[in-house]
Amino acid sequence: MAVEITEATAATAELVDAFERLTPQLSSSNPPPSADALEAIATSGATRLLIARADGAIVGSLTLVLVRIPTGLRAVIEDVVVDEQVRGQGVGRALNEAALGLARDAGAATVDLTSRPSREAANRLYLRLGFMVRDTNVYRYSLRGGE
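These lines cover the structure that appears in this document, whether it is placed above or below. (Residues numbered from 1 in each chain as written. Predicted model: local features only at pLDDT ≥ 70, side-chain atom pairs only at ≥ 80, totals over all residues. Heavy atoms only, no water.)

**Comments concerning the pairing of strand β4 (residues 72–82)**
Phase 1: The sheet contact formed by strand β3 (residues 57–69) and β4 spans nine bridges and is antiparallel. Residue pairing across strands places Val-67 opposite Arg-74, the latter belonging to β4.
Phase 2: Taken together, β3 and the strand that follows it, β4, pair antiparallel across an intervening segment of two residues.
Phase 3: With two bridges joining them, β4 and strand β5 (residues 111–112) adopt parallel strand pairing. (Pairing = 2+ DSSP bridges. Helix = DSSP H or I, 4+ residues; strand = E, 2+ residues; numbered from the N terminus.)

**Some words on the pairing of β3**
Phase 1: Direction of pairing for strand β2 (residues 47–54) relative to β3: antiparallel, over a ladder of eight bridges. When the sheet's bridge partners are listed, Ala-54 is paired in β3 with Ala-57.
Phase 2: The hairpin formed by β2 and β3 contains two residues between the paired strands, and Asp-55 there has a positive phi angle of roughly 50°.

**Notes on the nonpolar core**
Phase 1: Among the nonpolar cores identified, the biggest contains 24 residues, and Leu-62, Leu-64 and Ile-77 are the most heavily contacted of them.
Phase 2: Mapped by element, the contributors of at least two residues to this core are β2, β3, β4, α3 (91–106) and α4 (120–129).
Phase 3: If near-sequence neighbours (up to four positions away) are discounted, Ile-77 is found in contact with Leu-62, Thr-63, Leu-64, Asn-96, Ala-99, Val-111, Asp-112, Leu-113 and Phe-131.
Phase 4: Counting residues in hydrophobic clusters, the runner-up holds twelve residues, among them Ala-18, Phe-19, Leu-26 and Leu-49. (Core = buried A, V, L, I, M, F, W, Y, C linked by side-chain atoms within 4.5 Å. Buried < 20%, exposed > 50% of the residue type's maximum accessible area, 1.4 Å probe, protein only. Contact = heavy atoms within 4.5 Å.)

**Side note on the packing of α3 against α4**
Phase 1: One way to put it is that α3 packs onto α4 with a least axis distance of 11 Å and a crossing angle of 45°. Of the possible angle classes, the one that applies to α3 and α4 is oblique. As for the relative orientation of α3 and α4, their crossing is right-handed in sense. Taken together, the residues of α4 that come into contact with α3 (itself represented by Gly-92, Arg-93, Asn-96 and Glu-97) are Leu-125, Tyr-126, Arg-128 and Leu-129. (Axes fitted to C-alpha atoms, helices over the stretch in contact; angles between N-to-C directions. Parallel < 35°, antiparallel > 145°, perpendicular 65-115°, else oblique. Left-handed = near helix turned anticlockwise from the far one by under 90°.)

**Topic: unusual backbone geometry**
Phase 1: In this structure, Asp-55 is a non-glycine residue whose phi angle is positive, near 50°.
Phase 2: For Asp-55, the location among the structural elements is in the loop between β2 and β3.
Phase 3: You can call Asp-55 exposed: its relative accessible area is 80%.
Phase 4: Unusually for a residue other than glycine, Asp-79 sits at a positive phi of about 50°.

What follows is the structure in structure tokens.
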């Protein structure tokens, strides 16, 4: 399957529809983003919204966050989702490789991501791509309570 990776620069109706379909496959606790939210992500200087297409249809996405802090440029991969109909066919690899290239070109020294242990196939992919498990703690403070 040929996969094309592009960067979303606007919240088109096609993009909104794709996130309506893809978001429930990523998270059962968060609703799909609105057109306004997607527009903010697509036009932010801190995020790069990558879209994977196969046969012209959107089949996955990844958000690369680039933020400059006192210790350098941080790159973080967030919200990777591949449509369940095409998983295992190279879409996740193509998205991640594109994100790693963008991070490298931007001047980031490292790229971080988190992945739930239950996402076994994704975790195997990250290791094959060269990501290493870090011995660290991840903390979350919920501003909405209970999350």
